[in-house]
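Secondary and tertiary structure notes
One-letter residues, chain by chain:
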Protein chains: 2
Amino acid sequence: MSVTATPAQLAAVREARASYRSGVSVPTSGVAHGLAQANLIAVPQDWAYETLLFAQRNPKPCPILDVLEAGQVESTLAPGSDIRTDIGKYRIWRDGELVDEPSDASAAWQEHPDLVSFLIGCSFTFEAGLVDAGITMRHQELGRNVSMYRTNRECAPAGRLHGAMVVSMRPIPADRVADAVQISGRTPAVHGAPVHIGDPGGLGIADLSEPDFGDAPEVRDGEVPVFWACGVTPQSAIMASRPPFAVTHAPGHMFLTDIPDAHYVQ
Amino acid sequence: MSVTATPAQLAAVREARASYRSGVSVPTSGVAHGLAQANLIAVPQDWAYETLLFAQRNPKPCPILDVLEAGQVESTLAPGSDIRTDIGKYRIWRDGELVDEPSDASAAWQEHPDLVSFLIGCSFTFEAGLVDAGITMRHQELGRNVSMYRTNRECAPAGRLHGAMVVSMRPIPADRVADAVQISGRTPAVHGAPVHIGDPGGLGIADLSEPDFGDAPEVRDGEVPVFWACGVTPQSAIMASRPPFAVTHAPGHMFLTDIPDAHYVQ
């Protein structure tokens, strides 16, 4: 569906990006409501082909929304933006180790002027559709980050890049699980339908209360844990594959685009 | 939809690939009915990133079904196949010029052992759905190749790779055009819904009777020309961008996979 943002949405998203640029660092859930948010992974040019191929081979966890040219810092999804500064909190990775979480990543681009930035779809987009259908997002209700887990499902590798799929989990009332599947299935460009429903052990998750990323969940009686492929998967691949250098967003601190969520709904 | 080929389909497709391998060269429309066919573009490794990015930025004309590793010749979509020999007719390109149309491309892989092969979805897949719905494919009826045209729509470029979108055209009765849109729209992984309906001039096509690829069409009274993004687009990009070397299939002579068309239907 081709739609454009309203003037009010554009004003809100520009103000939010400007605040992150000036040093504000807060989770972006609910910010600039109705506009798509994105995961970032930026790698030196030498790793760009494998990153793009990894995403192409694993489209559910890594749906690509935009690829910036080497060294380019303005995404076509957000005219006037600067990928080096407009995210509230970054992660800097060296040889697969997380070494820093700055609120400004300009130094990374000074060190590696050839960085290629990939923007990857975010589950916040389909969450909007779930909430509109009356399916409450528990983590939003509790003011927490969604729970994310590394699984025992290996992604399809691409050259030197490999790693396990990361999933996000939302507890859904048993009588709304089918709705959640159908609604999220309408946004294949942003993770689409769940990859797994119920039985955390089947994904190699021993204890739901200990997520690998984000906050612990609260699963109530009558609710089923529903698992979606997650855009944090590239960070899992970085940890496993140990490229010499990479920059990502910090989980929950997404890049805000000017593109309405509705653009990604089929 | 996850489905597997029947033993009869697998026997038919293996026999067809073996015949092309032994030198047979015939158009593949209708061969191994029900299994997906693919366009081929193979480029030296130095051009692989731009080719993959071009496809990612232009998913309607260039939906990727498989990417083989550099020098690899067996696609996961067709175990036991050999991409150098199992297409009936190839095209060899040097500096953007078509220089040869051999029935065996082994010499190309000897010259460039690092060739990276991309398999791209083919409209034959959605044609099957149209025919099942009672929408006759005129070119099949006449035993011709579908009509294809270079348009005035530039694809999104990727580095050195750029070019105009190529479309295939099928005349559709006015009262079935909406059905054709909806049926092909269910296969977004293989070109999806049309990009243009009626008014050839709007795509810069001056004369429908003079296609740039394939055979001339026959549009009858009460029919509307319907245009779909076409997997021959990479060949147009090769002509425009002049990479030093490339191998493609010859239009109409597709690579046959073991994957049912139904796998690509949503």
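Residues numbered from 1 in each chain as written. Chains lettered and ligands numbered in written order. Predicted model: local features only at pLDDT ≥ 70, side-chain atom pairs only at ≥ 80, totals over all residues. Heavy atoms only, no water.

Chain A goes by Putative hydro-lyase IAA98_04205 in an unreviewed UniProt entry, where it is assigned to Candidatus Avipropionibacterium avicola. On record in UniProt, under Sequence similarities (unreviewed entry), the comment for chain A is "Belongs to the D-glutamate cyclase family." (UniProt positions renumbered as here; feature names shortened; annotations may be inferred.)

Another aspect to go through is the interface of chain B and chain A. If you look at the interface, chain B gives 15 residues, while chain A gives 15 residues. Regarding the contact of chain B and chain A, the summed buried area is about 1,200 Å², with carbon and sulfur atoms giving 52% of it. Among the residues of chain B in contact with chain A, B:Tyr49, B:Leu52 and B:Gln56 are the three that bury the most area, contributing 43% of the side total. The closest approach of N and O atoms between A:Arg57 and B:Glu69, which form a salt bridge, is 2.7 Å. For the interface between chain B and chain A, the tally reads 6 residue pairs in polar contact (both at pLDDT 80 or more). Counting residues per element, the ones that place at least two in the side of chain B that touches chain A are α2 (48-57), β2 (64-67) and β5 (116-121) of chain B. It is α2(B) that contributes the most residues to the side of chain B that touches chain A, 6 residues altogether. (Contact = heavy atoms within 4.5 Å. Buried area = accessible area lost by both parts, 1.4 Å probe. Salt bridge = Lys/Arg side-chain N within 4 Å of Asp/Glu carboxyl O. Polar contact = N/O pair within 3.5 Å; in protein donor to acceptor, adjacent residues only side chain to side chain. Helix = DSSP H or I, 4+ residues; strand = E, 2+ residues; numbered from the N terminus.)

Turning our eyes to something else, we now look at the pattern of salt bridges. The tally for this structure, following the rule as stated, stands at 32 salt bridges over all chains. A salt bridge links B:Arg91 to B:Glu101, with the shortest nitrogen-to-oxygen separation between them at 2.6 Å. Here B:Arg91 is found in strand β3 (residues 90-94), whereas its partner B:Glu101 is found in the loop between β4 (97-100) and α3 (106-111), with 10 residues between them in sequence. Owing to a relative accessible area of 14%, B:Arg91 belongs among the buried residues under this scheme. B:Glu101 sits in the partly exposed class, given a relative accessible area of 34%. Put simply, A:Arg14, A:Arg17 and A:Asp258 are held in one network by salt bridges that share partners. (Buried < 20%, exposed > 50% of the residue type's maximum accessible area, 1.4 Å probe, protein only.)

Take the nonpolar core next. Within the largest apolar cluster, 64 residues are counted, with the highest numbers of intra-cluster contacts made by A:Tyr49, A:Phe118, B:Tyr49 and B:Phe118. In contact with A:Phe118, other than residues within four places in its own chain, are A:Asn39, A:Leu40, A:Ile41, A:Val43, A:Ala48, A:Thr51, A:Leu52, A:Ile64, A:Asp66, A:Val67 and B:Tyr49. (Core = buried A, V, L, I, M, F, W, Y, C linked by side-chain atoms within 4.5 Å.)

Moving on: the relation of the copies chain B and chain A. Overlaying chain B with chain A gives an RMSD of 0.0 Å, the required rotation being 180 degrees about an axis along which the chain moves by 0.0 Å. The operation mapping one copy onto its partner corresponds to a two-fold rotation axis. Taking the C-alpha atom as reference, chain B places B:Tyr49 closest to the rotation axis, 2.5 Å from it. Interface residue correspondence from chain B to chain A reaches 100%, placing this contact among same-surface, isologous pairings. (Least-squares fit on C-alpha atoms with pLDDT ≥ 70 in both.)

Our next topic: the packing of aromatic side chains. This structure, assessed with the given rule, holds 3 aromatic pairs over all chains. Measuring from ring centre to ring centre gives 6.5 Å for B:Tyr149 and B:Phe227, while their planes differ by 75 degrees; the resulting arrangement is edge-to-face. Of this pair, B:Tyr149 sits in strand β6 (residues 147-154) while B:Phe227 is found in strand β9 (residues 223-229), placing the two residues 78 residues apart along the sequence. The side chain of A:Arg160 reaches across the aromatic face of A:Trp47, ending 3.9 Å from its centre. (Phe/Tyr/Trp six-rings, centres within 6.5 Å; stacked < 30°, edge-to-face > 60°. Lys NZ or Arg CZ within 6 Å of the ring centre and 35° of its normal.)

Residue and element names in this part refer to chain A. In terms of burial, strand β10 (residues 245-249) is a largely internal element, 5 of the 5 residues being buried. Judged by which residues are buried, β10 turns out to be covered on both faces: Phe245, Val247 and His249 on one side and Ala246 and Thr248 on the other are all buried. When strand β1 (residues 35-43) meets β10, the two strands line up antiparallel, connected through 2 bridges. Bridge pairing in β10 links Ala42 to Val247. (Pairing = 2+ DSSP bridges.)

A word on the sheet that holds strand β9 (residues 223-229) of chain A. All names here are of chain A. If you trace the 4 strands from one edge of the open sheet to the other, you get β6-β7-β9-β8, paired in antiparallel fashion. Each edge of the open sheet is held by one strand with a lone partner, namely β6 (147-154) and β8 (196-197). In this sheet, β9 lies alongside strand β7 (residues 164-173) in antiparallel orientation, the contact comprising 7 bridges. Among the inter-strand pairings, Ile172 is bridged to a residue of β9, identified as Val224. Contacts from helix α6 (residues 177-185) reach β7, β8 and β9 within the one sheet, and its direction differs from that of β9 by about 15 degrees. (Axes fitted to C-alpha atoms, helices over the stretch in contact; angles between N-to-C directions.)

Looking at where A:Asp66 falls in the secondary structure, it is placed in strand β2 (residues 64-67). The buried charged residue A:Asp66 lacks any salt bridge, with B:Arg57 as its nearest oppositely charged partner at 5.2 Å. Here A:Ser75 takes part through its side chain, which lies 2.7 Å from a polar atom of the side chain of A:Asp66. The contacts of A:Asp66, once residues within four sequence positions are left out, are A:Ser75, A:Thr76, A:Leu77, A:Ser117, A:Phe118 and A:Leu119. (Lys, Arg positive; Asp, Glu negative; His and termini not counted.)

This next bit is on helix α4 (residues 124-132) of chain B. Within α4(B), the full set of buried residues consists of B:Phe124, B:Thr125, B:Phe126, B:Glu127, B:Ala128 and B:Leu130. Buried residues along α4(B) sit against β1 (35-43), α5 (138-141), β7 (164-173), α6 (177-185) and β9 of chain B.

This paragraph deals with the sheet that holds β6(B). Residue and element names in this part refer to chain B. Read from one edge of the open sheet, 4 strands run β6-β7-β9-β8, paired in antiparallel fashion. The outermost strands of the open sheet, each flanked by one partner alone, are β6 and β8 (196-197). Where β8 lies against β9, 2 bridges are found, and the strand directions are antiparallel. Bridge assignment links Ile197 to a residue of β9, and that residue is Val226. Most of the contacts of α6 go to β9, to which it runs at about 15 degrees, and overall it touches β7, β8 and β9. Each of β6 and β7 is contacted by helix α7 (residues 233-241), which is oriented at about 145 degrees to β7, the strand it contacts most.

Our focus in this paragraph is unusual backbone geometry. Residue and element names in this part refer to chain B. Even without glycine at this site, Ala32 takes up a positive phi of about 50 degrees. For Ala32, the position within the fold is in the loop between α1 (7-21) and β1. A relative accessible area of 13% means that Ala32 is categorised as buried. Phi angles above zero are rare outside glycine, and Asp199 is one such case at about 50 degrees. Mapped onto the elements of the fold, Asp199 is located in the loop between β8 and β9. By relative accessible area, Asp199 is classed as exposed at 52%.

What follows is about the packing of helix α2 (residues 48-57) of chain A against α2(B). Packing of α2(A) against α2(B) leaves a shortest axis separation of 9 Å and a crossing angle of 40 degrees. The way α2(A) lies across α2(B) gives a crossing that is left-handed. Residues A:Ala48, A:Tyr49, A:Leu52, A:Leu53 and A:Gln56 of α2(A) form the contact with α2(B), whose participating residues are B:Ala48, B:Tyr49, B:Leu52, B:Leu53 and B:Gln56. Looking at the contact of α2(A) with α2(B) residue by residue, the classes come out as 8 nonpolar, 2 polar and no charged. (Left-handed = near helix turned anticlockwise from the far one by under 90°. Nonpolar A, V, L, I, M, F, W, Y, C, P; charged D, E, K, R; others polar.)

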